[in-house]
Structure formats: structure tokens, C-alpha cells
Amino acid sequence: MINLQQDAEGFIRMNRHFPASVRISITFSDGSVEEVSGRRLNRAYDEALAEYRAQNHLNAKGFSRHQNSRTNPGNKVDFVRVQPGMGTANG
């Protein structure tokens, strides 16, 4: 089991996918603890990554939409927003 701690701003540190079958214990800033599947956290990570790419005008693979640039400036996120109750939603 993996144990994660939510920070005061509502995020956990997650810079990659976890195995889908692993159970992850999240301790929220209010003191509550919830167990979440890796699959559910991976979905939250993918949603955060899609939002980041959209806000920074990157395509689905994380590359700039401007033809001049062939660099990959930021193809990942390091923090994912979590909230109590997310472990009960399909996953």
C-alpha cells in the first residue's frame, strides 16, 4: 500500500501513473483518511494533465501548437488535486 499526504492547498504529489490494482491511502488535510485505487488516481492525473496542456496551448501529446517550436516544454504535472470521497467513485 502507498501512503500519500494532501497538502494545505488540496494537492498530492504524483508525477507518474501508479499500477491500476494498487491501493493508495490518502491522508487529507482535515485529518480524514481514504483508500483509493491506482486506477482512480491515474484518472485524476490524466485529467490534471489534460487541463495543464489546454491552459498552456499544448496538443494532446504535450507539444507546443506553434510550428516554430519542436521542443517539449512541459509534458507532465507533478501535483494532482484530490478531495475526500473520490475513492467511492468507480474505482
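Here goes a summary of the coordinates provided. (Residues numbered from 1 in each chain as written. Predicted model: local features only at pLDDT ≥ 70, side-chain atom pairs only at ≥ 80, totals over all residues. Heavy atoms only, no water.)

## Brief notes about the nonpolar core
Working step 1: In terms of nonpolar packing, the biggest core is built from 18 residues, with Ile12, Met14, Phe18, Ile24, Ile26, Leu41 and Val82 touching the most fellow members.
Working step 2: For this core, the element with the most residues is helix 1 (residues 38-55), which contributes five residues.
Working step 3: Leave out the neighbours within four places in its chain, and Met14 touches Leu41, Asn42, Tyr45, Val77, Asp78, Phe79 and Val80. (Core = buried A, V, L, I, M, F, W, Y, C linked by side-chain atoms within 4.5 Å. Buried < 20%, exposed > 50% of the residue type's maximum accessible area, 1.4 Å probe, protein only. Helix = DSSP H or I, 4+ residues; strand = E, 2+ residues; numbered from the N terminus. Contact = heavy atoms within 4.5 Å.)

## Comments concerning the pairing of strand 4 (residues 33-37)
Working step 1: Here strand 3 (residues 23-27) pairs with strand 4 via five bridges, running antiparallel. Residue pairing in the sheet places Thr27 in a bridge with Val33 of strand 4.
Working step 2: Joining the antiparallel neighbours strand 3 and strand 4 is a turn of five residues, in which Gly31 adopts a positive phi near 100°. (Pairing = 2+ DSSP bridges.)

## What about the pattern of salt bridges?
Working step 1: On inspection of all chains with the given rule, the structure shows one salt bridge.
Working step 2: With a closest N to O distance of 3.1 Å, Glu35 and Arg23 form a salt bridge. Placement of Glu35 in strand 4 and of Arg23 in strand 3 is noted, with a sequence separation of twelve residues between them.
Working step 3: Relative accessible area serves as the criterion here: at 38%, Glu35 is assigned to the partly exposed category. (Salt bridge = Lys/Arg side-chain N within 4 Å of Asp/Glu carboxyl O.)

## Description of the pairing of strand 3
Working step 1: With four bridges connecting them, strand 1 (residues 2-5) and strand 3 associate as parallel partners. Counted as the bridge partner of Gln5 is Thr27 from strand 3.

## Topic: the layout of surface pockets
Working step 1: Volume-wise, the largest pocket comes out at about 210 Å³.
Working step 2: Residue lining of the largest pocket: Phe11, Ala44, Glu47, Ala48, Glu51, Tyr52, Gln55, Val77, Phe79, Val80 and Arg81, and that is the complete set.
Working step 3: Contributions of two or more residues to the lining of the largest pocket are made by helix 1 and strand 5 (79-81).
Working step 4: The biggest single contributor to the lining of the largest pocket is helix 1, with six residues.
Working step 5: When the residues that make up the lining of the largest pocket are grouped by side-chain class, the tally is seven nonpolar, one polar and three charged. (1 Å grid on protein atoms, 1.4 Å probe; cavity = no way out; pocket = protein on both sides within 12 Å on 5 of 7 lines; lining within 4 Å. Points joined across faces, edges and corners; volume = space filled by probe spheres on them. Nonpolar A, V, L, I, M, F, W, Y, C, P; charged D, E, K, R; others polar.)

## Looking at the environment of Met14
Working step 1: Along the chain, Met14 turns up in the loop between strand 2 (11-13) and strand 3.
Working step 2: Judged by its relative accessible area of 1%, Met14 is buried.
Working step 3: Put simply, Met14 and Val80 are 66 residues apart on the chain and 6.3 Å apart in space, counted from C-alpha to C-alpha.

These values are about where atoms sit, not about what they do.
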